[in-house]
Structures are given as C-alpha cells and as structure tokens.
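# A structural walkthrough
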Amino acid sequence: MSVPTPDPGGEIVIKGIGVCTGVVIGPVFLYTAEDSYVEEYAVAADDVAQEIGRFEDALIETRRQIKQVQDDVVEAAQKDSANIFDAHLMVLDDGALIGEVIAEIRKSGINVEGAVRIVATRYTAALGAVDDDYLKERTADIKDVVRRLLQNLSGRSISIFEQLNRKHIIVANDLSPSDTAAMKKDVVQGFATDLGSPTSHTAVMARGMEIPAIVGLHDITQRVSTGDEILIDGNKGILILRPTSERLEEYGRVVETRRSIVTGLTTLKDQEAKTKDGRTIILSANVEVPEDIDAVLSHGANGVGLFRTEYLYLSKERLPSEDEQAEAYEKVSSRLSPAPVIIRTLDIGGDKFLSDVRVPNEMNPFLGCRAIRLSLAQPDMLKTQLRAILRASTRGNVKIMYPMVSNAGEIIQANAILKEAMNELQEENLPFDENLDIGVMIETPSAALTADVLSDHVAFFSIGTNDLIQYTLAVDRVNERVAYLYEPTHPAILRLIKDTIDVGHKQGVWVGLCGEMGADPVMTPLLIGFGIDELSVVPSAVPLVKDVICNITAKEARELAEIALLARSAGEVLGHCRELILKIAPEILELTG
Ligand code: PEP
Ligand code: MG
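Since this is a predicted model, take the numbers as computed values, not measurements.

Taken together, Glu443 (OE) and Asp467 (OD) make up the full set of protein donors to the magnesium ion (ligand 2), lying 2.0 to 2.1 Å away. Here Glu443, found in the loop between strand S14 (438–442) and helix H15 (445–449), pairs with Asp467, found in helix H17 (residues 465–473); they are 24 residues apart in sequence, far enough to count as distant. In terms of burial, Glu443 and Asp467 fall into one category: buried.

This is the structure in structure tokens:
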C-alpha cells in the first residue's frame, strides 16, 4: 500500500515500485486514456453525405464488436457482466444521440469525429450534473462507446505523446506498451503510474529508454494535477510531491554521487566481461528497435541476446511486410557484425497487442494464444517473419529464438515452417545463412523441467525469468497487487535456473538468461555461480553487470550459489547476494538503491 507522509512544508512522499533507476524533477502531465488525439477538420457541403455514411458504417462496426465482446462474456459464464454491454448497445441505438451527431455535422460543417466528440461531451456533462447515481453511471457507458466509435472511425487515434512538446513527467493510471512506444525521450523525462509491476512490458520499455519510472502507486492520478512539480526516485521507488528546498538539495548530492560512479564505470566499456580468475561471460544487450543499437555499442555490450521484434510495430497500424522487417533486422545485424544478434520471433499477446494481429479476446491473455502459439496459429505471419530474419542472416551472426515454448512439438512445427522458408529462398536465389542457430526461450516451468527434451531441437537456451517467475509462482507480472510475491530469488526459481543450466551443458547447449533478473547486478554473482554462459540485459545495465563480473572470482560465485540453493526463502537468498556485493562492489548498492 502507498502510505502518504505529509510534512509541515506540504511535501508528500509516496512509495511505489521503482522500475527504472534515476532521479528526475519536473512538472506533471496527467494522462488519461481518453486523451488520445482525434483529428477534427471542416468538411465541404458536398461531402456531408459521405461523412454521415462513415458515421453509419462506424455504428455498424462498433455494434458488431460490442456484440462479440458480449457473446464472449456470456460464453465465459459471466452473465452479469454481459448486461453492461446491453447498456453500451443502448447508447449506440439511442436515436436522439445519433440524430444530434448528424445535426452537428450539418450545422458546424465538421467531420464526424469532431461531431461525436462535441455531442458526447454535451451528454456526459448533462448526465454528470444530475443527482442520480444510475444516470451518472451512464456517462461511463457513453465514454466507452465513444472511445470505440472514434477508434473505428479513425482506424488509429494519434497518441497524445506525439503532441507533447515540453518536458514533463507523465502520470497515468496505466500505460500500455503502445503508449510507451509513442513517447519521445526528449520530452518525457519519467513516468509514474497507479498500476503496474517491475516486469510489465511497459516497465521493460522504460528501462530501454533509460528514464526514471515508478509503478504501483495506487492512486497517484487522484493526487496530482498537470503542472504540479514532482520528484521521482526510481532507485528507491518514491515519488515526492512538492519537494522542499532541503529535499532538492539532498537529491542534488545523491545525483552527483551516482553520476560520478556511472562515469567511473564508463572505463569498462572496452573491457572484456571476465571474472578475476579468468571466466568469460558473454554480456549482451536486449533491444526493442534498431535505434537501440547506439546504446548497445556505447555501453560496451558483446552483441544482442534478445531482439524483441514486436516492439518495432507496436505503434503502427499494421504488421510490417517482409521487406520492412528484413530491412530492420539487416540494420541491426550489419551494425553489430561480427557480434551475434538473437532475433526472437513475435511475442504478441499477454500485455502486448497489435491492431492488425487477430488476438482472440481472452480471460487470461498470459495463459492464452500468445507468442509461439499465436505464430503457429497464423503460419503465414510466422513464415514472413522467418523469411525476413533469414534474409538478414548472410553475415553469419544472426540466430533465431522462439518465445514461450511449452513443449517440443512447438519447436518442431516452427522449424518445419523455417525449413519451408529456407526452401523458398533457395528457389528464389536469395542468400541466407544455412547453418544459423535456433534457440528457445526457457520461460515456462514445463520448458525448464523438460529442457533435456527441448535440447534435441536447438543450439541454445535463453532463460526468460520475467515469464518463468510469473508462471512458476502464479503471479501475474503486471498486477501490482501481487507484486510482493514476485520474487526472483524464490527457491523454486533458483532450482529451475540451475537445473536448466546443468541440463543444457550436459546436452551440449549453451545457456543464456535475458529476463530482468539478469540486469540486476546484485544477482550477477549468483547467476555466474550457477554456470550461466551469457547474460543479456538492458543496455544501461551493461556497465553495472560488467563491474560485478570483473570484481569477483568464479570460485566466490560458486560458493554463493551453493549457499543460495540451501536457503529456505527468497529473502534469505537476497541477503546473501547483497552481502557479497557489499564486499566486492559496494558502489553498485549506491546505484541500485
Ligand atoms: C522474459 O520473459 O523474461 C523475457 C525476456 O521476455 P519478455 O519480457 O519479452 O516476455
Ligand atoms: Mg517472456
């Protein structure tokens, strides 16, 4: 729970979950999902009939969608919830409302989007002013239906983030990965949300952008207004509203200390990630878009251990063509060559969606048709992506990785589609690397427990702890209410990681780790002690992890791992890890909070 601590100067300190380190001070921009920008423009008298036709088409499509959602809910035996959609359908069938929109188009000579917005504002204002709870609730129905209508009319609403042109800290109830993808780093200095947890994809994006962020603040959107000055400390996970001058001074010193530590770590850039007794760890980076390669190079990573391809397209209206994909993959592989680049096939579903990919409406999207399951359900889409990756593989440094595999059959099916893609390219005389490595993410408990079976079909494993933790501990990775249960050092997780590494090595398969656990330098000795071959982390974490690797011996790491495997709780393990860091690289605790 967030506990406000008022002080006599009016300063308020609110505790949340820090998801990206760093401190920032600035004015709030309070964002609500309704802030999506809708284009409004004048229409000529001759085009009014056409505009009304667009309105009618959008009404039909919106009705169809609402019916579909209602049927899904009924099917899921949630009849009470299904009644909500009756209210939505009533809004759509309201002759008075429809008549007013048409009248507004005619009277004002504006497009239908503008007219819908004017009429909806008029209705919600009138209903909100009535002293009747039932009628007040209807405003929510109208807002919901209008949002859907506008979406159908414009195909895509333009994100408000594309409109922002002054520096702000975004405060929102929640941010979707598409919202985060639309943020421009030069104007968005940081963000804070009511909902969310450390491994939600939005938090992952924040770390990629290297902007301080705090999630899980519960009701921060109720406490601040646009323009309020706030300070966010991503290390400690605290947001300070109206910071006092003493507080600002204190933070000035903290920022200075951290800056000098980070500057000191830049000297490691060209140094190999090798323990004091000579064990080399491959230290790679996770990227979301080709532009991230600048950060990969400037932070001194060995290559890319995870290219999350879905982010390339999150802010687009449609899936990219084979050529567009090949160009993006080629950009990354050519800039990094000869360093390796692991390209992961689309991981859509869960908390990431694209407008053009038909993801069914599901009660449990993280357990549903996500990642490899969706790719296998839409084999043409997978084949297009595989062809594009193959075309970018001519330098011999590209590897392919499948996400969220839960049985060997999925790898076999995907590899069969890969074979078809290879045959096609051969027939078309298009070159590619015929010997490129295929790998699999170990991010479901079933994959970890049957790593020996999966190893028959792949050259490498990459442990996806973000999902492995959620699926093993039954903790939704984006739900802040259960975030306290999301424990990377839980004995169950340690055993799965250690066993996967041991089995991989026995089977001649190298083992990496690309979840957020690998980017926490406090965890580095433990993972080295388990025998991990590669760590793939957000670019900004590369110097911190390298610092730890270079200051430890493999022997010390093994001793820690042995103790950790005997521990009875996550807290006990964490205590041992922090103790060792304090001994070998205390500056890291200053940076990680
Ligand atoms: C993971 O699950 O650990 C992972 C790296 O994949 P993602 O965060 O994209 O689900
Ligand atoms: Mg994952």
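Following the structure, the description resumes.
Counted under the stated rule, the structure contains two aromatic pairs. Plain terms: the ring middles of Phe307 and Tyr329 are 5.8 Å apart, the flat faces sit at 85° to each other, and that makes the pair edge-to-face. Residue Phe307 is located in strand S11 (residues 304–308), and its partner Tyr329 is located in helix H11 (residues 322–336); the two are separated by 22 residues in the primary sequence. No difference in accessibility class separates Phe307 from Tyr329, as the two residues are buried. Here Phe460 and Trp510 contribute two aromatic rings whose centre-to-centre distance is 5.0 Å and whose plane-to-plane angle is 10°, an arrangement assigned as stacked. Here the residue Phe460 occupies a position in strand S15 (residues 460–463), and Trp510 occupies one in strand S16 (residues 510–513), the gap between them amounting to 50 residues. On the accessibility criterion, Phe460 (0% relative accessible area) is buried. Among the residues examined, Trp510 registers a relative accessible area of 23% and is labelled partly exposed.

Strands sit in the order S10-S11-S12-S13-S14-S15-S16-S17 around a closed barrel of eight strands; the barrel is parallel. The mean inter-strand angle of the sheet, taken between neighbouring strand axes irrespective of direction, is 25°. Relative to S11, strand S10 (residues 282–287) runs parallel, the two sharing three bridges. Within S11, the position partnered with Ala285 by the bridge is Val304.

Taken together, 16 residues sit near ligand 1, with Arg308, Arg344, Gly464, Asn466 and Arg477 positioned nearest. Taking Glu443, its side chain carries an N or O atom lying 2.9 Å from an oxygen atom of ligand 1. Measuring from an oxygen atom of ligand 1, one finds a backbone N or O atom of Asn466 at 2.8 Å. Burial of ligand 1 by the surrounding chains reaches 100%, relative to a free accessible area of 290 Å². Elements that contribute at least two residues to the shell around ligand 1 include exactly S11 and H17. A per-element tally of the shell around ligand 1 places H17 first, with three residues. Among the residues making up the shell around ligand 1, the classes are represented as three nonpolar, five polar and eight charged.

Our next topic: helix H7 (residues 201–209). Burial within H7 is extensive, with eight of its nine residues counted as buried. Glu210 lies just past H7 and shows a positive phi near 60°.

Attention now goes to the packing of H11 against helix H13 (residues 379–391). The geometry of H11 relative to H13 is characterised by a closest axis approach of 8 Å and an angle of 40° between their N-to-C directions. By the angle between their axes, H11 is oblique relative to H13. The crossing of H11 and H13 is right-handed. Contacts between H11 and H13 involve Glu322, Asp323, Gln325, Ala326, Tyr329 and Glu330 on the former and, on the latter, Thr384, Gln385, Arg387, Ala388, Ile389 and Arg391. Residues of the contact of H11 with H13, tallied by class, amount to four nonpolar, three polar and five charged.

Rules of the game
- Residues numbered from 1 in each chain as written.
- Chains lettered and ligands numbered in written order.
- Predicted model: local features only at pLDDT ≥ 70, side-chain atom pairs only at ≥ 80, totals over all residues.
- Heavy atoms only, no water.
- Donors = N, O, S within 2.8 Å, 3.2 Å for Na, K, Ca; no water.
- Helix = DSSP H or I, 4+ residues; strand = E, 2+ residues; numbered from the N terminus.
- Buried < 20%, exposed > 50% of the residue type's maximum accessible area, 1.4 Å probe, protein only.
- Phe/Tyr/Trp six-rings, centres within 6.5 Å; stacked < 30°, edge-to-face > 60°.
- Pairing = 2+ DSSP bridges.
- Axes fitted to C-alpha atoms, helices over the stretch in contact; angles between N-to-C directions.
- Near = heavy atom within 4 Å.
- Polar contact = N/O pair within 3.5 Å; in protein donor to acceptor, adjacent residues only side chain to side chain.
- Areas by Shrake-Rupley, 256 points an atom, 1.4 Å probe, with all protein chains shown as cover.
- Nonpolar A, V, L, I, M, F, W, Y, C, P; charged D, E, K, R; others polar.
- Parallel < 35°, antiparallel > 145°, perpendicular 65-115°, else oblique.
- Left-handed = near helix turned anticlockwise from the far one by under 90°.
- Contact = heavy atoms within 4.5 Å.

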